[in-house]
Amino acid sequence: MSAMITMGADGTLHVPDDPVIPFIQGDGTGIDIWPAARSVLDAAAARHGRTIAWKEVLAGQRAYDETGDWLPQETVAAFREHLIGIKGPLTTPVGGGIRSLNVALRQVLDLYVCLRPVRWFQGVPSPVKHPEKVDMVIFRENTEDIYAGLEVEQGTPEAKRLIELLLDEMGWKIRPDSGVGIKPVSVTGSKRLVRAAIAYAVERGRRSVTLVHKGNIMKYTEGAFRNWGYELTREEFADVAVGWDDCGGDPGDRVLVKDAIADITLQQVLTRPDDFDVIATTNLNGDYLSDAVAAQVGGIGIAPGGNINYVTGHGIFEATHGTAPKYAGQDKVNPGSVLLSGVLMFEHLGWTDAAADIVRALEATIAERIVTYDFARLMDDATEVKCSEFAAAIVDRL
Ligand code: NAP
């Protein structure tokens, strides 16, 4: 007996205690990290009277080998039907029709927010002096900007036509031997992203939302993103949030919405991390920023991510690293990224008690210096354990 997660008319998820959740194990090290992470997720859920009916679906190399299709329709249909899912890393096909399976999944389900919380867990080796000051939640726009894939290749008839058109119609002189890409940033795409970020900040009692942009150079895309963010704050959140210019930097008990240029931000997240709380940004900025900030708190081995459409209720949570093929099947790598993606999924489902248990148990395990190879090589006196042993140690400490 198991039940479906549904989206209520009130715009919130209705989550039974025994939901069906589709998962993609993932290629390469997916075979190691997924079973490890799942054992922890199941144990934590059970402690609170919940049971997940995992439903395996295929994508990536394994899907291709077994079905001849990199992203089978049944997989997309399962995520569509069950709303929430989780996935391990996928091999990106080289050549062929699909640019990236991850991008394809995001586009098909219109998962417009890439959610990347970045915080330090007690004991995790870090290259900075005060990793505990890092506690940011990045909302990266997931559907537009240069990721829209609107590019023409240098030397092709398409490139020649576009370059001529831009000269004739706009008077823009572009070198004839150029490749050309288009960067769309819309009111719709920007406002729904910023809306999700502010709503999150308000719900979770966060202090601020920083709109990160490169509007000093790209006025009508990046600069507009910033302006629309402030506009939305006034239009929809006036009672709970306020823009910097509308309050002189003193928001009272409301969430402060401010902005920062992307290049300065990349410096300041390092020098003044506690100035940043929730961040809302365009696609490419968000890509750089997520990985740069993640590096401060222990790197990609444990960074979680989620791709969410807050309107339809669809969400796919995922390991943010790749398949690390050289370690596949060795029961060696860190399951932290996919496990913490599961924690993020639990929080999204409202299972905050089970999520908090896992975080506590993970910290207790690392505090006892029981870690996988990636942390062991950065720590003194660590006990290096296998992927599955690390998960078992976390379960013991739940
Ligand atoms: P990668 O798989 O992320 O591996 C790069 C390095 O990151 C590894 O060699 C390892 O470092 C470290 N690493 C990755 N996962 C780890 C884990 N769980 N625990 C500890 N360390 C970990 O990147 P890649 O080699 O560039 O890409 C391999 C394949 O993955 C490609 O097909 C790529 O397209 C795909 N990919 C998929 C996704 C996704 O599905 N989300 C994302 C990125 C890449 P050390 O060598 O230092 O130990």
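Everything here concerns the structure above.
Colleague: Tell me what's going on with the overall build of the protein chain, and back it up with residues and numbers.
Modeller: A count of helical and extended segments in the protein chain gives 14 helices and 17 strands. With respect to the three principal axes, the spread of C-alpha positions in the protein chain is 65 × 55 × 50 Å. Buried positions account for 53% of the 398 residues belonging to the protein chain. Long-range contacts, defined as pairs at least 24 residues apart, comprise 72% of the intrachain contacts of the protein chain with a sequence gap of at least 6. Total accessible area on the protein chain stands at roughly 18,000 Å², and carbon and sulfur atoms take up 51% of it. Side chains of the protein chain give 39 positive and 55 negative charges; the mean places of these two sets differ by 3 Å.

Colleague: An account of the site of the ligand is requested, with residue identities and associated values reported.
Modeller: In the vicinity of the ligand, 20 residues are found, and the nearest of them are Gly322, Ala324, Lys326, Tyr327 and Tyr373. Within the backbone of threonine 323, a nitrogen or oxygen atom sits 3.0 Å from an oxygen atom of the ligand. Protein contact buries 69% of the 880 Å² of open area that the ligand shows by itself. For the shell around the ligand, the residue count by class is nine nonpolar, seven polar and four charged.

Colleague: Break down helix H6 (residues 187-203) for me, citing the residues and quoting the values.
Modeller: Residues three or four positions apart in an α-helix share a direction because the helix packs 3.6 residues into each turn. Taking 1.5 Å per residue, 17 residues should reach 24 Å; H6 reaches 24 Å between its end C-alpha atoms and fits that length. Burial in H6 covers these residues: Gly189, Ser190, Lys191, Arg192, Leu193, Val194, Ala196, Ala197, Ile198, Tyr200 and Ala201. The N-terminus of H6 is capped by serine 186, whose side-chain oxygen sits 2.7 Å from the backbone nitrogen of glycine 189. One or two residues past the end of H6 sits glycine 205, with phi positive at roughly 65°.

Colleague: Please give an account of the environment of glutamine 107 that cites residues and values.
Modeller: Mapping glutamine 107 onto the fold places it in helix H4 (residues 101-108). Judged by relative accessible area, which is 42%, glutamine 107 ranks as partly exposed. The sequence separation of glutamine 107 and glutamate 144 amounts to 37 residues, and the corresponding C-alpha distance is 9.9 Å. When residues no more than four places from it in sequence are discounted, the contact partners of glutamine 107 are Arg99 and Tyr147.

Colleague: Kindly report on unusual backbone geometry, identifying the contributing residues and their values.
Modeller: Backbone geometry at leucine 83 places phi at a positive 70°, although glycine is not the residue there. Among the structural elements, leucine 83 can be located in the loop between helix H3 (73-82) and strand S5 (84-87). Residue classification places leucine 83 among the buried positions, given a relative accessible area of 9%. Here arginine 369, not a glycine, exhibits a phi torsion of approximately 60°, which is positive. Checked against the element boundaries, arginine 369 lands in the loop between helix H12 (352-367) and strand S16 (370-371). A residue is classified by how much of its surface remains accessible, and arginine 369, at 34% relative accessible area, is partly exposed.

Colleague: Explain the nonpolar core to me, using residue names and the numbers behind them.
Modeller: Formed by 94 residues in total, the largest nonpolar core has its most connected members in Trp54, Phe139, Val209, Met345, Phe346 and Ile358. Apart from residues lying up to four places away in sequence, tryptophan 54 is in contact with Ile21, Phe23, Trp34, Arg38, Leu41, Asp42, Ile86 and Met345. In terms of nonpolar packing, the next biggest core, distinct from the first, is built from 15 residues, Ile24, Ala104, Leu111 and Ile316 among them.

Colleague: Tell me about the pattern of salt bridges, residues and numbers included.
Modeller: When charged atoms on two side chains of opposite charge get close, those side chains can pair. All told, the structure shown has 27 salt bridges when counted by the stated rule. Lysine 183 is paired through a salt bridge with aspartate 145; the nearest N and O atoms lie 2.6 Å apart. With lysine 183 in the loop between strand S9 (180-181) and H6 and aspartate 145 in the loop between strand S7 (135-141) and strand S8 (151-152), this residue pair connects regions lying 38 residues apart in the sequence. For the residue pair lysine 183 and aspartate 145, the accessibility class agrees, reading buried in each case.

Colleague: Can you explain the pairing of strand S14 (residues 304-308)? Please cite residues and give values.
Modeller: Across the five residues that make up S14, a large majority, five, are buried. Neither face of S14 is open: one carries Pro304, Gly306 and Ile308, the other Gly305 and Asn307, and all of them are buried. Where S14 and strand S15 (residues 315-319) come together, five bridges link them in antiparallel fashion. Opposite glycine 305, over in S15, you have glutamate 318 as the bridge partner. Between S14 and S15, which pair antiparallel and follow one another directly, the connecting turn spans six residues, one of which, glycine 313, has a positive phi of 95°.

Colleague: Report on the packing of helix H9 (residues 262-271) against helix H10 (residues 283-296), specifying residues and quantitative values.
Modeller: Taken N-terminus to C-terminus, the directions of H9 and H10 make an angle of 10°; their axes are 10 Å apart at the nearest point. For the element pair H9 / H10, the angle class is roughly parallel. On H10, the residues that touch Ala262, Thr265, Leu266, Val269 and Leu270 of H9 are Asn285, Leu289, Ala292, Val293 and Gln296. Its residues placed into classes, the contact of H9 with H10 shows seven nonpolar, three polar and no charged.

Criteria and cut-off values
Residues numbered from 1 in each chain as written. Predicted model: local features only at pLDDT ≥ 70, side-chain atom pairs only at ≥ 80, totals over all residues. Heavy atoms only, no water. Helix = DSSP H or I, 4+ residues; strand = E, 2+ residues; numbered from the N terminus. Buried < 20%, exposed > 50% of the residue type's maximum accessible area, 1.4 Å probe, protein only. Contact = heavy atoms within 4.5 Å. Areas by Shrake-Rupley, 256 points an atom, 1.4 Å probe, with all protein chains shown as cover. Lys, Arg positive; Asp, Glu negative; His and termini not counted. Charge placed at Lys NZ, Arg CZ, Asp CG, Glu CD. Near = heavy atom within 4 Å. Polar contact = N/O pair within 3.5 Å; in protein donor to acceptor, adjacent residues only side chain to side chain. Nonpolar A, V, L, I, M, F, W, Y, C, P; charged D, E, K, R; others polar. Expected span 1.5 Å × (residues − 1). Core = buried A, V, L, I, M, F, W, Y, C linked by side-chain atoms within 4.5 Å. Salt bridge = Lys/Arg side-chain N within 4 Å of Asp/Glu carboxyl O. Pairing = 2+ DSSP bridges. Axes fitted to C-alpha atoms, helices over the stretch in contact; angles between N-to-C directions. Parallel < 35°, antiparallel > 145°, perpendicular 65-115°, else oblique.

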